[in-house]
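Breakdown of the fold
For reference, the chains in residue letters:
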Amino acid sequence: TLTYSRDFGIHSLTALVGHSMSKNSYEDTYAEGKGLSFEQSLFHNLDGTQQDYVLSSSLTESSMLSYFARLNYKLLDKYLLTATLRADGSSVLAKGNQWGYFPSVAVAWRMKDESFLANVDEVSDLKLRLSYGLSGNSAVSPYQTTGGLSKTMYEFGDVPAYGYRPYSMANLKLKWEKTRVLNFGIDFGFFNNALTFTADYYKKTTNGMLMEMNIPSYVGESKPIGNVGKMENSGIELEAAYRFRVSDWNFRIGGNLTYLKNKLIEYGNESGWANLDSFQGTGTISRAQNGKPFPYFYGYKTAGVFQNMDEVNAYTNSKGELIQPNAVPGDVRFVDVDGSGSIDADDRTDIGKGMPDWTYGFNLNVSWKNFDLSMMWQGTMGNDIYDATRRTDISATNLPSWMLNRWTGEGTSNRIPRFMLGDNTNWQSSDLYVYDGSYLRLKNIQIGYTLPAALTQKVFVSSLRFYVAAENLFTFTKYHGFDPEISSGGTSLGVDYGVYPQARTWTIGANLTF
């Protein structure tokens with residue numbers, strides 16, 4: 001990098017230009033043999049094995065070349081401007097599309113330095129911020145633009161012959177995924193910044209998302225990665241902190257709150273939708289669709305359980321026909337969403353989403369004399385979990401404990417249907433699998449005590465602190481599964497396939513400084 005900085009009276013200017021390049025190379029060789037004639041030779045004599053030996057090798061390379069520039073300008077130290085420009089070239093993209101250009105600009109106004117706030121002592125900081133920029137993403141595996149060949153065997157009569165066949169389709173138009181971000185923010189500071197508050201509104205639009213292309217499966221090969229679709233994320237971010245002192249007590253309380261609205265604007269195919277994940281015996285469980293969150297849970301809506309035959313016979317359409325003619329007491333009452341007068345695949349609809357509306361956290365730090373306490377809480381609101389831990393296609397299996405609350409007779413349950421082996425109707429993908437995924441968790445807490453310096457310095461120790469800490473100590477949630485923090489993402493966002501729970505951890509330790 002090269003930097004230039006200079007002040008011109010009330011003007012201040014800093015300019016930076018730079019260049020970077022990187023290359024990644026991965027090479028591997030694999031050899032396998034069975035039936036060694038002499039065990040002492042180990043892998044040094046694989047061609048002497050009694051059975052055919054296997055050899056394979058690969059080489060994967062990618063590189064990135066970048067140029068960048070940044071300009072910082074200040075007027076009177078209260079009007080601020082930052083402008084940047086990047087030019088990035090990626091080897092994993094198609095020829096003619098390897099270079100991307102990404103500008104951004106940000107302005108800020110330190111209102112606290114204006115004359116109308118100069119004498120307002122309660123306000124220690126006030127700044128407005130506005131930024132707009134373009135960023136790029138080329139995070140795909142190399143050779144997506146060339147396709148690939150795999151070794152295969154053909155038989156000509158009884159004679160085997162080896163050859164090669166294409167195993168992946170090439171995308172000769174693969175280019176940068178580009179994201180435009182608009183951000184407006186305001187920063188407050190009161191009482192010598194004892195109380196601070198920050199608020200941001202953002203809108204992020206991503207074009208040409210790098211995803212597997214939704215092409216017909218009859219092409220016979222693995223689907224290529226392409227620039228498909230357009231997605232929008234917008235929301236607000238709030239953060240506040242307050243520090244104060246009461247006698248020998250010192251406190252700092254902070255928190256943050258984020259709201260996110262996610263919408264798929266364009267999926268990138270003619271229909272504007274695609275079925276995504278599926279689960280054994282239940283059918284499609286997630287879907288992408290224009291105008292909806294990406295992804296959302298897909299299935300039937302339910303309206304309780306039939307308690308008796310009178311309820312089955314009373315569930316009719318406008319012609320007086322039974323909507324579920326094969327139902328018996330204990331079966332699920334599915335909602336006729338499309339109003340066709342019967343239950344079919346067209347009644348499947350949006351039954352929830354794994355993306356939280358709100359994500360929040362808060363922390364507390366307290367000290368009194370030589371004692372200190374810190375803790376951090378985190379949680380989400382407005383998200384659902386699709387419980388895909390129960391296999392309905394396996395008859396001999398342990399059942400979850402909530403199955404004890406199933407329907408066993410009139411009035412026993414209006415949610416969980418009767419149990420029977422091979423039930424492919426009641427346990428189709430529906431809102432019976434969907435649960436409130438909101439939670440509040442004490443992520444970590446620590447209590448410590450620092451020995452007085454007068455005592456430790458006698459043994460040439462500057463500081464000695466003992467502490468006890470715990471992680472994931474408490475979790476408050478309505479979800480019955482192991483852990484409401486579902487790690488699955490992408491098309492499986494919010495789907496619990498049996499997530500391994502986070503461990504509750506206790507730690508006892510000491511910090512020693514000489």
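Described below are features of the structure shown in this document. (Residues numbered from 1 in each chain as written. Predicted model: local features only at pLDDT ≥ 70, side-chain atom pairs only at ≥ 80, totals over all residues. Heavy atoms only, no water.)

1. Focus: the overall build of the chain
Across its full length, the chain carries three helices and 30 strands. Rg of the C-alpha trace for the chain: 31 Å, well past the compact-globule value of 24 Å for 514 residues, more than 25% over. When the backbone C-alpha atoms are referred to their principal axes, the chain occupies close to 85 × 70 × 60 Å. Here the chain holds 514 residues, and the buried ones make up 34% of them. (Helix = DSSP H or I, 4+ residues; strand = E, 2+ residues; numbered from the N terminus. Rg over C-alpha atoms; globule rule 2.2 N^0.38 Å. Buried < 20%, exposed > 50% of the residue type's maximum accessible area, 1.4 Å probe, protein only.)

2. Examining the nonpolar core
The biggest cluster of nonpolar side chains holds 22 residues, and the ones touching the most others in it are Phe 297, Tyr 386, Trp 402, Trp 427 and Val 495. Residues within four places of Tyr 386 in sequence aside, it is in contact with Thr 282, Ile 285, Phe 297, Ile 351, Ser 429, Ser 430, Tyr 433, Val 434, Gly 494, Val 495 and Asp 496. (Core = buried A, V, L, I, M, F, W, Y, C linked by side-chain atoms within 4.5 Å. Contact = heavy atoms within 4.5 Å.)

3. Some thoughts on the pattern of salt bridges
One pass over the structure, following the stated rule, counts 15 salt bridges. Put simply, Asp 88 and Arg 86 hold a salt bridge, and the shortest N to O gap is 2.9 Å. Relative accessible area serves as the criterion here: at 34%, Arg 86 is assigned to the partly exposed category. With a closest N to O distance of 3.0 Å, Asp 200 and Arg 129 form a salt bridge. Here Arg 129 lies in strand 6 (residues 123–137) and Asp 200 lies in strand 10 (residues 195–207), a separation of 71 residues in the sequence. Accessibility expressed as a relative area gives 13% for Asp 200, which makes it buried. In the salt-bridge network here, residues are joined through shared partners; they are Arg 441, Lys 443, Asp 483 and Glu 485. (Salt bridge = Lys/Arg side-chain N within 4 Å of Asp/Glu carboxyl O.)

4. Some points on the pairing of strand 10
Bridge count for strand 9 (residues 177–190) against strand 10 is 13 bridges, and the pairing is antiparallel. Residue pairing across strands places Leu 182 opposite Lys 203, the latter belonging to strand 10. (Pairing = 2+ DSSP bridges.)

5. What to know about the side chain of Ser 429
Position of Ser 429 among the secondary structure elements: in the loop between strand 25 (384–387) and strand 26 (434–436). Assessed through its relative accessible area of 3%, Ser 429 is described here as buried. Side-chain polar atoms of Ser 429 contact the backbone oxygen of Thr 284, separated by 3.4 Å. When residues no more than four places from it in sequence are discounted, the contact partners of Ser 429 are Thr 282, Thr 284, Ile 285, Tyr 298, Gly 299, Tyr 300, Ile 351 and Tyr 386. (Polar contact = N/O pair within 3.5 Å; in protein donor to acceptor, adjacent residues only side chain to side chain.)

6. Description of the environment of Ser 429
Considering only alpha carbons, one finds Ser 429 and Phe 251, 178 residues apart in sequence, at a separation of 50 Å. Side-chain polar atoms of Ser 429 contact the side chain of Tyr 386, separated by 2.9 Å.

7. Some remarks on the packing of aromatic side chains
The tally for this structure, following the rule as stated, stands at 24 aromatic pairs. Ring centres 6.4 Å apart and planes at 75 degrees place the aromatic pair Tyr 296 and Tyr 298 in the edge-to-face group. You'll find Tyr 296 and Tyr 298 in the same group, each marked buried. Ring geometry for Phe 306 against Tyr 315: centres 5.9 Å apart, planes inclined by 55 degrees, an arrangement best described as tilted. (Phe/Tyr/Trp six-rings, centres within 6.5 Å; stacked < 30°, edge-to-face > 60°.)

None of this, on its own, says anything about what the molecule does.
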